[in-house]
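Structural description and commentary
Listed below are the residues making up each chain.
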Amino acid sequence: MPRELAILTFQTLDGVMQAPRLPDEDTSGGFTRGGWADPYWDDVMKQVGRVAMAEPYDLLLGRKTYELFAPHFSAAGDANPMNSARKYVVTSTLSHLDWNNSVPLSGDVAQEVKALKSQDGPLLQVHGSWKLIQTLLAEDLIDEFRIWSFPVLVGAGKRLFGEGVMPRALRLTKSDTTPSGATMSIYR
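The paragraphs below set out a description of the structure included in this document. (Residues numbered from 1 in each chain as written. Predicted model: local features only at pLDDT ≥ 70, side-chain atom pairs only at ≥ 80, totals over all residues. Heavy atoms only, no water.)

Strand 2 (residues 57–62) sits mainly inside the fold: 6 of its 6 residues count as buried. On strand 2, burial covers both faces: Tyr-57, Leu-59 and Leu-61 on one face and Asp-58, Leu-60 and Gly-62 on the other are all buried. The sheet contact formed by strand 2 and strand 5 (residues 123–127) spans 4 bridges and is parallel. Pairing of Leu-59 across the sheet is with Gln-125, part of strand 5. Of the strand pairs in this sheet, strand 2 and strand 3 (residues 87–90) are connected by 4 bridges, and their pairing is parallel. Following the sheet pairing, Gly-62 is matched in strand 3 by Val-90. (Buried < 20%, exposed > 50% of the residue type's maximum accessible area, 1.4 Å probe, protein only. Helix = DSSP H or I, 4+ residues; strand = E, 2+ residues; numbered from the N terminus. Pairing = 2+ DSSP bridges.)

So, in structure tokens, the structure goes:
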């Protein structure tokens, strides 16, 4: 049975997904408001673990997200499920991937992802990876949107749904809030 692809994204109420965790995580475009999710992080991560990461999955990551995640999660040891997941990394510049179970993808990203989706295997989850998500949106390759919205406004920044997103209707399949006020919405 072909597998599905879900994005797992953190965004502000005004739709910015850039640099949720760390002030210097992604300063491209002059972005200076990184770390906006920090006051809500622990509540959200508990919910993410229960809802979005409890079942087996493989990861599909852009290069920048891979470079951010790899040192952190490699050091976390085998107890973290991200270490046992297969990681497909979209890259045209990295020749060696140190994080275990990592496989580089290059060439036509849409074709590579279509090939992955046609295979048997667990759910493909995309975390972060703004540029990759824009490609997946343009090619209509996303089956499920797992969005955590934080009660924060930051103004400018990379938006989940940027210019040129194809119009479509989504169906809400699950929602919840955290004690700190972040909202989880899962759409298909």
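The discussion continues.
One number sums up the size of the largest pocket: a volume of about 1200 Å³. Lining the largest pocket are 41 residues, and of these Lys-64, Thr-65, His-127, Gly-128 and Ser-129 sit closest to its centre. When residues of the lining of the largest pocket are traced back to their parent elements, those giving at least two are strand 1 (5–12), helix 1 (41–51), helix 2 (63–76) and helix 5 (130–138). The element contributing the most residues to the lining of the largest pocket is helix 2, with 7 residues. (1 Å grid on protein atoms, 1.4 Å probe; cavity = no way out; pocket = protein on both sides within 12 Å on 5 of 7 lines; lining within 4 Å. Points joined across faces, edges and corners; volume = space filled by probe spheres on them.)

Our next topic: the environment of Lys-131. Turning to its location among the elements, Lys-131 is positioned in helix 5. Placed 73 residues apart in sequence, Lys-131 and Asp-58 show a C-alpha to C-alpha distance of 19 Å.

Moving on: helix 1. Listing the buried residues of helix 1 in full gives Trp-41, Val-44, Gln-47 and Val-48. Burial along helix 1 is one-sided: seen end-on, the buried residues are contained in an arc of 135°. Among the exposed residues of helix 1, those oriented more than 90 degrees off its buried face are Asp-42, Lys-46 and Arg-50. Elements that come into contact with the buried residues of helix 1 comprise strand 1, strand 6 (144–150), strand 7 (172–177) and strand 8 (183–187). (Arc of directions from axis to C-beta. Contact = heavy atoms within 4.5 Å.)

The subject of this paragraph is the nonpolar core. Judged by nonpolar contacts, the single largest core of 32 residues is most densely connected at Phe-10, Trp-99, Trp-148 and Phe-150. Secondary-structure elements contributing two or more residues to this core are strand 1, helix 1, strand 2, helix 2, strand 6 and strand 8. The dominant element in this core, judged by the number of residues it contributes, is helix 2, at 4 residues. For Trp-99, the residues in contact, after removing those within four places along its chain, are Leu-59, Leu-61, Tyr-66, Phe-69, Ala-70, Phe-73, Ser-74, Met-82, Asn-83 and Lys-87. Of all hydrophobic cores here, the second largest spans 21 residues; its members include Ile-7, Leu-132, Ile-142 and Ile-147. (Core = buried A, V, L, I, M, F, W, Y, C linked by side-chain atoms within 4.5 Å.)

Time to look at unusual backbone geometry. Within the chain, Ala-19 stands out as a residue other than glycine whose phi angle is a positive 50°. Residue position: Ala-19 is located in the loop between strand 1 and helix 1. Located in the positive-phi region is Ser-129, a residue other than glycine, with phi close to 60°. Examined against the element boundaries, Ser-129 turns out to sit in the loop between strand 5 and helix 5. Residue Ser-129 is classed as buried on the basis of its relative accessible area, which comes to 6%.

By themselves these figures say nothing about function.
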